[in-house]
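Here's the letter readout for the chains.
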Amino acid sequence: MATVVERTDSYADAERCIIPVVKGPQDYQAYRISPQDTNRLAIVFDPEIASTSLTFCVEIFDPGGKTPPNRHSIALEMFFVLKGEGIAICDGKSVPIRAGDSLLVPPTGIHEVHNTGPGRLYALCFMVPNEDFAELIRSGLPVDLDAEDLDVLRRFDV
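Residues numbered from 1 in each chain as written. Predicted model: local features only at pLDDT ≥ 70, side-chain atom pairs only at ≥ 80, totals over all residues. Heavy atoms only, no water.

A. Region of interest: the environment of Phe-56. Here Phe-56 shows up in strand 3 (residues 55-61). For the pair formed by Phe-56 and Val-44, sequence separation is 12 residues and the distance between their alpha carbons is 5.5 Å. Those residues in contact with Phe-56, other than ones at most four positions away along the chain, are Ala-42, Ile-43, Val-44, Phe-45, Leu-124, Cys-125 and Phe-126. (Helix = DSSP H or I, 4+ residues; strand = E, 2+ residues; numbered from the N terminus. Contact = heavy atoms within 4.5 Å.)

And the structure:
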């Protein structure tokens, strides 16, 4: 007996799927928002590329590197630590982070991330909605990803 699937709005939306954008680490453009920053952000997807209000990047912290304290009015920011260790601080509360950990920062939370390990700290960073994050990153100084960065992103370091 055949199963009948009722067409709903979500089903109709699925039929409008576009061809996905596929990129590799060699395609990512990295930036330092300010020349003195000790972290770099490599954009994977943003509104310019994905045509939707999100920013997905890889944040790379030099040894001793950190983000300046910052907050967002409406956006959630999510991190997944790929490699390294550090401390995440939100509204004065701190928690150690290391590879495999995830972190969710609510809107309006004053937060920062510090690399406390001997090497670089790598984290996937998602912001939804974009809240001009991609534009802030792209207004910074373009920098290259080096061999270590590419090895981590390709998982050659394991």
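B. Quick peek at the nonpolar core. Judged by nonpolar contacts, the single largest core of 18 residues is most densely connected at Cys-57, Phe-79, Val-113, Phe-133 and Ile-137. The set of elements that each furnish at least two residues to this core consists of strand 2 (39-45), strand 3, strand 4 (76-83), strand 9 (121-128) and helix 3 (133-138). Looking at this core, the element that brings in the most residues is strand 9, giving 4 residues. Non-local contacts of Val-113, meaning those with residues more than four positions away in its chain, are made with Phe-61, Gly-65, Lys-66, Thr-67, Phe-79, Ile-87, Ile-97 and Leu-121. Membership of the second largest hydrophobic core comes to 14 residues, among which are Tyr-28, Phe-56, Val-58 and Tyr-122. (Core = buried A, V, L, I, M, F, W, Y, C linked by side-chain atoms within 4.5 Å. Buried < 20%, exposed > 50% of the residue type's maximum accessible area, 1.4 Å probe, protein only.)

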